[in-house]
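Close look at the chain arrangement
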Amino acid sequence: MPINFLATVAKEGTQVIPKYEQLKRYGPYVVGALATKFYFSGSSNTWERNMHGRVVIVTGGTSGLGATVVRRLAKEGAQVILLVRKLDDGWLSEHISSLREETNNPLIYAEEADLADFQSVRKFATKWIDNLPPRRLDMVVCCAAVALPPSVERQASKDGLELQMQTNYLAHFHLLTLLSPAIRSQPPDRDVRIILTSCVAGVMGKIDMNDLGFQHQQYPKYKPYKVLGTSKLALSLFAYELQRQFTEYQRQDGAPSNVHVAVVDPGMMRSPSFRRFVTFGSLWGLLLYLIMWPIWWIFCKSSLEGAQSLFFAMMLPDVQYMTDVAYISDCRVRQKPPRKEFEDKEFQQELFKQTEKLITDTERFSAKKRK
Ligand SMILES: NC(=O)c1ccc[n+]([C@@H]2O[C@H](COP(=O)([O-])OP(=O)(O)OC[C@H]3O[C@@H](n4cnc5c(N)ncnc54)[C@H](OP(=O)(O)O)[C@@H]3O)[C@@H](O)[C@H]2O)c1
């Protein structure tokens with residue numbers, strides 16, 4: 001059929017092509033837009049790994065990127081534990097029931113760990129590690145984050161620290177350091193992975209060791225997007241110290257470390273937090289966002305496209321992981337971002353120490369306040 005048509009065009013000219021003039025005028029734009037869209041959609045993960053029966057903890061698994069990751073894991077038969085801010089949420093139980101049904105996987109659960117509240121994170125982690133023999137744990141995927149619109153004033157967590165800094169960085173630090181004994185005690189033949197989600201905003205980050213909770217910065221010096229960048233930079237630097245600690249840990253059985261840490265930048269995605277960010281959380285912004293939808297469609301990824309790099313980190317064979325952190329974007333292990341802190345082991349260790357101190361002090365303060 002197409003050969004017949006091409007032969008007719010060759011013989012009788014382009015006038016036999018329906019709507020040829022319009023095609024000639026608009027065709028190049030459409031092709032250009034589709035080619036740009038294709039480029040910005042990024043690469044797809046091609047690795048496969050058997051996820052059946054693996055136990056995975058996911059933060060931020062109820063929305064955007066995290067929800068996409070949870071769906072894939074559930075479809076592949078993993079046991080997924082979603083850490084959510086509130087358990088007694090009608091929507092959540094419906095969501096989990098429909099996910100179980102859709103993926104034919106009953107092993108999807110939710111546990112409460114509000115990342116804006118250190119006590120809530122501690123409660124979950126303590127319950128998890130308080131088990132003999134230690135519970136199986138194959139992977140922790142950290143997708144939860146808050147990205148405040150650029151126009152808002154400083155928002156505080158339940159512990160009084162800046163909300164983005166606590167949710168995106170400090171709470172994940174708290175969770176992973178508390179879970180460390182459970183992670184280290186997995187059998188040596190189990191390939192354990194910790195996957196942290198970073199963001200390009202990390203290049204704007206500026207870490208002040210004396211104010212990691214952004215307690216002393218107020219408007220106009222306070223810029224939410226810079227705090228977002230700082231939280232993501234700190235999270236990525238934490239990954240390097242965490243990997244070092246796991247690698248240097250002397251296991252009782254003498255086996256080498258089986259824990260791999262990856263930092264993944266999924267790229268810009270049209271997720272709920274992205275929408276909130278670019279609309280400045282306003283109705284007018286939302287209207288503008290809808291008008292500009294083709295631009296977002298072309299230049300930003302869908303959650304599924306963004307999740308490809310996370311799938312890559314989850315499925316990549318362990319031999320491809322080096323002893324260092326795997327920094328992944330667009331389904332490739334990259335060089336570290338061009339920031340001197342990524343080469344600075346002392347800085348990373350100092351950040352770890354100061355973060356630990358801030359969390360301990362804040363937990364004590366919050367406990368006193370509760371009493
Ligand atoms: N979107 C982008 O363009 C982009 C670009 C680069 C990197 N990233 C990163 O990718 C990850 C996912 O982003 P996304 O855009 O998909 O986000 P999203 O759709 O806004 O989802 C954020 C998730 O974090 C959870 N969360 C927020 N505060 C929490 C708290 N206090 N306790 C427990 N959970 C909490 C949310 O739970 P609720 O459903 O209860 O709110 C939600 O599940 C983030 O780490 C983000 O920084 C995103």
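For the chain, an unreviewed UniProt entry supplies the name Oxidoreductase C19A8.06 and the organism Wickerhamiella sorbophila. According to UniProt, the comment filed for the chain under the heading Sequence similarities (unreviewed entry) is "Belongs to the short-chain dehydrogenases/reductases (SDR) family."

Section: the UniProt feature "transmembrane region" (unreviewed entry) in the chain
Residues annotated in UniProt with the feature "transmembrane region" (unreviewed entry) correspond here to residues 277-299. The span residues 277-299 shows a helical share of 78% and a strand share of 0%, and its end C-alpha atoms are spaced 16 Å apart.

Re the sheet that holds strand S4 (residues 139-142)
Overall, mixed pairing links the eight strands, which are arranged S3-S2-S1-S4-S5-S6-S7-S8 in an open sheet. Edge strands, defined here as strands with exactly one partner in the open sheet, are strand S3 (108-112) and strand S8 (332-334). Adjacent strand axes in the sheet meet at a mean angle of 25°, parallel and antiparallel pairs treated alike. Where S4 lies against strand S5 (residues 192-197), four bridges are found, and the strand directions are parallel.

Thoughts on empty space enclosed by the protein
Inspection of every chain in the model, using the stated rule, returns one cavity of 30 Å³ or more. By volume, the largest cavity is sized at about 40 Å³. Forming the walls of the largest cavity are Arg184, Phe246, Tyr249, Arg251, Ser257, Asn258 and Val259. Per-class residue counts for the lining of the largest cavity are three nonpolar, two polar and two charged.

Some thoughts on the layout of surface pockets
There is about 1300 Å³ of room inside the largest pocket. Listing elements by their share of the lining of the largest pocket, those giving two or more residues are helix H3 (64-75), strand S2 (79-84), helix H4 (90-103), helix H6 (163-184), helix H7 (224-248) and helix H8 (272-278). Per element, the largest residue contribution to the lining of the largest pocket is six residues, and it comes from H8. Here the residues of the lining of the largest pocket sort into 29 nonpolar, 14 polar and seven charged. What the second largest pocket holds in volume is close to 410 Å³. If you go around the second largest pocket, you meet 25 residues; those closest to its centre are Val200, Asp265, Pro266, Gly267 and Ser329. Among the elements of the structure, helix H2 (20-40), H7 and strand S7 (326-329) are those that each provide at least two residues to the lining of the second largest pocket. A per-element tally of the lining of the second largest pocket places H7 first, with three residues. Its residues assigned to classes, the lining of the second largest pocket shows 13 nonpolar, six polar and six charged.

Conventions we followed
Residues numbered from 1 in each chain as written. Predicted model: local features only at pLDDT ≥ 70, side-chain atom pairs only at ≥ 80, totals over all residues. Heavy atoms only, no water. UniProt positions renumbered as here; feature names shortened; annotations may be inferred. Helix = DSSP H or I, 4+ residues; strand = E, 2+ residues; numbered from the N terminus. Pairing = 2+ DSSP bridges. Axes fitted to C-alpha atoms, helices over the stretch in contact; angles between N-to-C directions. 1 Å grid on protein atoms, 1.4 Å probe; cavity = no way out; pocket = protein on both sides within 12 Å on 5 of 7 lines; lining within 4 Å. Points joined across faces, edges and corners; volume = space filled by probe spheres on them. Nonpolar A, V, L, I, M, F, W, Y, C, P; charged D, E, K, R; others polar.

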